[in-house]
Every structure is written in structure tokens, then in C-alpha cells.
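Here is what each chain is made of, one letter per residue.
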Amino acid sequence: MINGVLNIRKEPGMTSFGVVARIRRIFGQKKVGHTGTLDPDAEGVLPVCLGKATKLVETLSLGTKTYEAVLLLGLETDTQDTSGEVQRTADVTCTEAEAEEAVRSFEGTMQQMPPMYSALKVNGQKLVDLARKGIEVERRTREVTFSEMEILSVELPRITFRVTCTHGAYIRTLCHDIGRKLGCGGAMEHLNRTRVGVFAIENAFTIDEIAAMKEREDALSDQEKAEYSFLMKTDRFFEELPACIVSGKAEKLLLNGNAVPVGDLKAADDTVPQLAEGEKARIYLGNGSFVGIYRREGELVRLVQFFYDDGQGK
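Heads up: these notes are all about the structure in this document. (Residues numbered from 1 in each chain as written. Predicted model: local features only at pLDDT ≥ 70, side-chain atom pairs only at ≥ 80, totals over all residues. Heavy atoms only, no water.)

### Structural notes on the pairing of strand β4 (residues 65-73)
Every regular strand shows the same layout, with side chains that alternate between the two sheet faces. Most of β4 is tucked away, with eight of its nine residues classed as buried. Two elements, β4 and strand β11 (residues 158-165), share eight bridges in a ladder whose sense is antiparallel. Each residue of the ladder has a partner; that of Y67, found in β11, is V163. The sheet contact formed by β4 and strand β12 (residues 186-196) spans nine bridges and is antiparallel. Directly across from A69, in β12, lies its bridge partner L191. (Buried < 20%, exposed > 50% of the residue type's maximum accessible area, 1.4 Å probe, protein only. Helix = DSSP H or I, 4+ residues; strand = E, 2+ residues; numbered from the N terminus. Pairing = 2+ DSSP bridges.)

### Quick notes on the sheet that holds strand β19 (residues 300-306)
The six strands are arranged β15-β19-β18-β17-β14-β16 in an open sheet whose pairing can be described as mixed. On the outer flanks of this sheet lie β15 (260-261) and β16 (265-266), each paired with one strand and no other. In terms of strand pairing, strand β18 (residues 290-297) meets β19 through six bridges, oriented antiparallel. Paired with E297 across the two strands is L300, which belongs to β19.

### A look at the packing of aromatic side chains
Throughout the structure, instances matching the rule amount to eight aromatic pairs. Taking the centre distance of 6.4 Å and the plane angle of 35 degrees together, the rings of F238 and F290 count as tilted. Of this pair, F238 sits in the loop between α6 (207-218) and β14 (243-246) while F290 sits in strand β18; the two residues are 52 residues apart in sequence, bridging distant segments of the chain. Residue class for F238 comes out buried when judged on its relative accessible area of 12%. Each residue in the set F238, Y284, F290 and F307 is aromatic and connected to the rest through ring pairs, giving one cluster. Directly above the aromatic system of F237 lies the positively charged group of R236, at a separation of 6.0 Å from the ring centroid. (Phe/Tyr/Trp six-rings, centres within 6.5 Å; stacked < 30°, edge-to-face > 60°. Lys NZ or Arg CZ within 6 Å of the ring centre and 35° of its normal.)

### Observations concerning the environment of V92
Among the secondary structure elements, V92 is positioned in the loop between β6 (86-89) and α3 (96-104). The partly exposed category is assigned to V92, whose relative accessible area is 28%. When the C-alpha atoms of V92 and L72 are compared, they prove to be 10.0 Å apart, with 20 residues separating the residues in sequence. In this view, V92 contacts L73, G74, P157 and C184; residues no more than four positions away in its chain are not counted. (Contact = heavy atoms within 4.5 Å.)

### Details of unusual backbone geometry
Omega for the bond connecting L156 with P157 falls within 30 degrees of zero, at 15 degrees, which places this linkage in the cis form. In this structure, Q80 is a non-glycine residue whose phi angle is positive, near 70 degrees. A relative accessible area of 12% places Q80 in the buried class. The phi dihedral of E148 is positive, around 55 degrees, even though this residue is not glycine. Secondary-structure assignment places E148 in strand β10 (residues 142-155).

### What to know about the nonpolar core
F146, F161, I171, I178 and L182 are the most contacted members of the largest nonpolar core, which has 29 residues in total. Listed by contribution, the elements that provide at least two residues to this core are β4, α3, β10, β11, α5 (171-182) and β12. (Core = buried A, V, L, I, M, F, W, Y, C linked by side-chain atoms within 4.5 Å.)

### Quick notes on the pairing of β11
The pairing of β10 with β11 spans seven bridges and is antiparallel. The partner of S153 across the bridge, within β11, is T160. Once β10 ends, the chain turns through two residues before running back antiparallel as β11.

### Section: α3
Within α3, the full set of buried residues consists of A99, A102 and V103. Buried residues of α3, viewed axially, fall in a sector of 100 degrees; they line one side. Set apart from the buried face of α3 by more than 90 degrees, the exposed residues are A97 and E101. (Arc of directions from axis to C-beta.)

### Remarks on the pattern of salt bridges
On inspection of all chains with the given rule, the structure shows twelve salt bridges. R162 serves as the salt-bridge partner of E68, at 2.9 Å between the closest nitrogen and oxygen. Of the two residues, E68 is situated in strand β4 and R162 in strand β11; the sequence distance between them amounts to 94 residues. Put simply, R302 and E297 hold a salt bridge, and the shortest N to O gap is 3.1 Å. (Salt bridge = Lys/Arg side-chain N within 4 Å of Asp/Glu carboxyl O.)

What is shown is where atoms sit, not what they do.
See below:
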């Protein structure tokens, strides 16, 4: 089983589920998950986790995200972007300065109402599925934060801007709200996600590029490769934690999910690591295989999250 995270550059026209389906076919394994839905018309960074790294999906989804968006003023749609059905049009009478001021006024923390056309679930049903049936349900606002707001260009009726936001924020809704503030309405015309946490668009690959690189690297060996140059290793996301090594008889305890005495741990320089009570650490086998995250409790370290792959797909 292949374990790690891909920095995918999703292209317009493909759903996030479609990206996962293609990665499953390319790598020949079912255990694949993405870390945050991108609308089909949107493009940009979509981290995809494989194998044991799928345990990171929720954590990686919670990171901040940066977008570049094009807002088209003068209309409102049911989806809050230009792919939807137009519900209202109006003349754009604001000046460029007024438009810029309206965009910047949304910088900060506020309450945002999730749109009906979204993957958010209410009572077990996706809002988008209800919206397509013409059903609108009551939603709760959520606290979101917009920061690093930058106007890239203003050519009315279009405004192009860059913004960083917290998990759960909708850029479509932000565009809609800016249009409402200007009195003429607005809808998102284009969206490019340029960053998700540590994943940047500059280091992302399209699915076709991933497939080509995998084919080239597979050709270097007659054996199935467990690691690829374009795949981020799972332990990469815990680099802030100290690394410890367990070898000898303690390895069996570790691989069975049991606690291990602190005295059986070694640091990379072969010294005894100084872990404080409650402190977490990355634990590795003597051969360098990443086992998981453990926390010190008294004279033992206990399992927090297990990432070891025994080679049998378990």
C-alpha cells in the first residue's frame, strides 16, 4: 500500500471526488481521500492522502487556505457563482475606490451563512442535494476569518482579489456579500486555491503529471515502489515533534500498540530523549520505518496515532 500525501493541482471541470477516483486508479488502491472540497469549476491546490496518511484528512482540512478570486458585479445567482441561475441583475454604479473599500471591509472575523449549494450536511443530507430539489432549509451561521486581503486588479464590473481564510469559509458567499454591500449584487466568476496549509500551488502537480511521474519511477525498478519523489511522507506533518527510535525487543511491543518504557527510546544521536510529561514524539523502528505518534505518561510512552504499514495493506 502506498502511504503519503499528494499535492494535486485540480483543473477546472473535475469534481474533488473525481480526483480521488482517478488517483485510486493510478495507484491501484482504494484507500484515498481528499482534504477539502473544491467546486468543479474551481482550480488549485487539493491535497490528497493515500493509505495510512488518510488519517490526516481531518487535520489537514482544518488549516487556513488562500484563494485568488474574480468577483463579477451586477448579478446574483442561486449558487452564488456564475455557473448558477441568474436571480437578479443591476447596474454597477460604484467607483473603483468604493469597490476596493467594500472588499477590504470584509477583512477580519465575522459570521457567515453557508450557501445552500454546498457539501455541508444538515440532518445527514447535503445542502446541495436539497437545493437541487428546490428545498431550502434553515442553516446556522459560522464564525470565519478573512485575512491578508489584497486587491489584485479592478476592472469594473470585475474585481480580482486574494484572500486567506479559516476552515469553513466560502469565497462564493464572500463575493455574494460584497455585491450586496455595493447594492448591485455579485457572483464569483473564477476561483483558484493557491495554498492549503503547507501545500502551495507552486509545488502542486496535475493528475496527468502525477501519472507520468509514477510511470517513470516505476520503470526504474521491477518491484512495486513504496515511496515516490513526488509523494510527501506522513511523518513530514509532525516535524515539530521530537523523533525517537525504538529497537530490539521493544519493537514488538510498539507494533502491537502497547506502551513502551521511556528508557527504551533513543534519539537520533543515540542519547536518551528528554521528553516531558504529556509531550508527544514521533516514534520510528530501528530500520527507520515511521510507527506513529506517542505521548509520555509517567515512565511510559503510549500510542496516540498509529501510522505503521505492515506491508499487508492493513
